[in-house]
Amino acid sequence: MNPVIETQHLSKWYGNVLGLSDVTLEIEPGITGILGPNGAGKSTFLKLITGQIKPNIGTCSIKGKKIWNNFSLFSLIGFCPEQDAFFDELTGWQFVTGLLRLHHYSPSEAETKARKALEIVELVEDKDRVIKSYSRGMRQRLKFAQAIAHDPEIIVLDEPLNGLDPLGRRKIIRLIKSYKGEGRTIMVSSHVLPEIEAMTKRIILIHQGKIFAQGDIHYIRDLIETHPHIISIKCSDPRLLASNFIQEDFILNVKFSSAENTLLVETNNRDKFFSLIPALSVKKNIEVEEITSPDDNLQAVFDYLVGK
Amino acid sequence: MTIKEKGYAHWDGEFLDKKLPWWPITRYGIKLTFRKKFFKLFFPMSLLPAVVFLAGIYVSERLEDFKFLFRDSVPILQIDPAYFKTYLTEGFLLFIMVIAVIFCGSGLISDDLKHNSLQLYFSRPLKKRDYFLGKTAVIVFFLFLLTLVPGLVFFIMKMIFAGSFKFFLSYPWLPLSVIAYSVLVTAFFSFYALFISSLNKNRRYVAILIFGIYVGSDILREIFYDIFHNHYFSLLSIRGNIQQVGAAIFDQKTPYPIHWILSLLVLTAICVLAWFVLKKKVRGVEIVK
């Protein structure tokens with residue numbers, strides 16, 4: 001399949017601050033997740049591929065044409081920014097129709113398309129309320145509506161799930177996935193791995209302005225599985241539990257935490273570890289109150305990958 | 001990847017530039033200004049001077065009917081370029097224009113900066129030039145209602161009340177002066193308001209700055225003039241500079257004994273500075289520090 005988005009040695013600096021460095025990649029239709037910790041360069045990358053900022057070095061092409069200053073390509077792209085970007089005094093309806101007019105649609109066309117987009121995000125009933133009265137979830141959905149209203153071929157969503165409650169997240173994920181089978185190119189950025197995992201298996205890992213890895217999400221999952229994990233267990237008898245853990249070869253380290261009745265265990269096989277806990281708990285009559293993974297996040301994976 | 005259903009129709013045609021891509025920005029700007037409670041009160045009042053001057057033109061043609069009102073002050077009602085200059089360049093109209101600019105212009109860019117909405121504009125087929133045009137047109141709309149429209153209406157009504165083209169034949173250049181002055185003063189206030197609006201995310205501060213710099217520049221001129229008795233300090237005053245250039249455009253005696261070109265240069269310099277700042281401030285990315 002031909003790539004829709006291509007970048008060649010794309011680099012961007014903000015004064016002395018590196019935004020993105022030497023990014024060369026190709027993105028095909030379907031959902032692609034951009035994954036990276038906060039400040040990794042995700043937003044910069046998305047702004048470069050949507051033609052909002054000019055690269056210092058390199059090029060970015062959409063369907064074989066360079067995006068920078070090529071305004072005819074902008075109609076192919078729907079962009080949902082990370083931060084709230086609204087005109088609070090306007091109603092949801094005015095917001096979406098107004099932005100559609102900037103895509104050169106006539107008033108009647110803009111109204112038809114706005115209605116369709118608001119129906120998709122389930123905001124039709126609230127369309128005449130001013131945006132400042134919208135909840136966080138409604139505002140996110142409205143941002144999504146303005147991105148899809150002109151029926152773009154490429155949809156770029158910068159942290160679309162930020163600040164949403166679980167129900168709101170589910171709604172947005174469902175919306176994004178509904179576009180999956182239509183042949184569009186969708187790019188979603190996030191710093192939370194499970195969010196991306198819920199939408200796509202194809203990911204790009206960005207860290208400190210560089211593309212760290214690109215490919216199937218299982219690759220990242222495998223990295224998480226194989227690198228040592230720290231798991232914290234709060235239980236009724238941590239010393240008894242620890243004496244049993246040290247007999248297992250997948251347990252690398254056991255420490256007693258400063259917190260009361262808490263054990264910190266380092267393992268290189270989470271699956272085996274998690275299957276062992278219930279068995280031990282029953283056999284030794286240990287009451288397990290809480291199990292947490294303090295390092296089970298994307299930053300920990302990145303730290304591991306960069307060898308910190 | 002399997003495409004189950006192609007949900008969009010890709011258009012391969014030639015992209016045509018819309019004639020006025022900035023118009024939606026202007027339309028919303030005007031709409032939002034009229035939504036302001038105080039502006040609804042202010043706007044009809046801002047047109048009162050124009051109504052009074054229009055009445056003056058009517059009376060000037062019916063002096064016999066109204067002479068009981070005037071007696072010795074008939075010369076005031078001589079309709080000539082000075083009459084137009086008086087309306088367009090006097091302090092009261094400039095003051096009204098500043099207030100109008102505060103209502104319609106203070107939030108134009110500052111609100112976009114506050115709401116992060118620049119990225120919404122610049123991710124669409126909208127050039128930076130169109131963005132500025134759209135914002136400027138909001139100010140132009142309101143200022144032309146105070147300058148260009150009344151100026152041309154005065155001219156037309158004078159001929160209608162007189163029932164002849166004698167006035168036009170006497171001053172054929174006057175409509176051009178009205179247009180030139182209106183364009184100049186509107187362009188200046190547009191740059192001035194957009195420049196200040198791009199400096200802060202809070203439109204209240206912007207409003208205070210717009211008013212404060214205008215009034216402050218006048219106060220500064222007064223202070224320096226009182227100390228040094230040098231007329232060149234009138235170049236410090238925004239009002240003074242506009243009045244200088246206005247008088248020259250209407251072929252009248254300038255209020256200060258210095259060359260009006262200097263005032264024009266000062267106004268132009270402010271516009272150029274404003275343009276550079278605007279270009280720097282308005283861009284589609286937040287700065288990472």
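Predicted model only: the values in this text are computed from it and were never measured.

Moving on, we come to the sheet that holds strand β7 (residues 154–158) of chain A. All names here are of chain A. Ordered in space as β6-β7-β8-β3-β9-β10, the six strands form an open sheet in which the pairing is mixed. Each edge of the open sheet is held by one strand with a lone partner, namely β6 (77–80) and β10 (210–216). Strand-to-strand twist of the sheet, defined as the mean angle between neighbouring strand axes without regard to direction, takes the value 15°. Here three bridges tie strand β3 (residues 30–35) to strand β9 (residues 202–207), and the two strands are oriented parallel to one another. Across the sheet, residue Ile34 finds its bridge partner in β9, namely Ile204. Here helix α4 (residues 136–148) sits on the sheet in contact with β6 and β7, set at roughly 165° to β6.

The figure often quoted for interface size is the accessible area lost as the parts come together. Assigned domains within chain A: domain 1 (5–223) and domain 2 (228–307). Averaged C-alpha coordinates put domain 1 of chain A and domain 2 of chain A at centres separated by 38 Å.

For the rest of this paragraph, the subject is the environment of A:Lys210. Residue and element names in this part refer to chain A. Among the structural elements, Lys210 can be located in strand β10. Take Lys210: its relative accessible area is 46%, and that puts it in the partly exposed class. Apart from residues lying up to four places away in sequence, Lys210 is in contact with Ser21 and Leu205.

Residues and elements named next belong to chain A. Burial within strand β11 (residues 229–235) is extensive, with five of its seven residues counted as buried. Relative to strand β13 (residues 262–267), β11 runs antiparallel, the two sharing six bridges. Residue Ile233 lies in a different strand from β13, and its bridge partner there is Leu263. Strand direction decides the pairing type here: β11 and strand β14 (residues 288–292), joined by four bridges, are antiparallel. Residue pairing for β14: Ile233 is matched across the bridge by Ile291.

On to the pairing of β9(A), then. Residue and element names in this part refer to chain A. Among the six residues of β9, five are classified as buried, and the element is accordingly described as predominantly covered. As defined by bridge partners, β9 adjoins β10 across six bridges and the pair is classed as antiparallel. Its bridge partner being in β10, Ile203 is matched across the sheet by Gly215. Hairpin connection from β9 to β10: two residues lie between these consecutive antiparallel strands, with Gln208 at a positive phi of about 50°.

Rules of the game
- Residues numbered from 1 in each chain as written.
- Chains lettered and ligands numbered in written order.
- Predicted model: local features only at pLDDT ≥ 70, side-chain atom pairs only at ≥ 80, totals over all residues.
- Heavy atoms only, no water.
- Pairing = 2+ DSSP bridges.
- Helix = DSSP H or I, 4+ residues; strand = E, 2+ residues; numbered from the N terminus.
- Axes fitted to C-alpha atoms, helices over the stretch in contact; angles between N-to-C directions.
- Contact = heavy atoms within 4.5 Å.
- Domains from an automatic or database assignment.
- Buried < 20%, exposed > 50% of the residue type's maximum accessible area, 1.4 Å probe, protein only.

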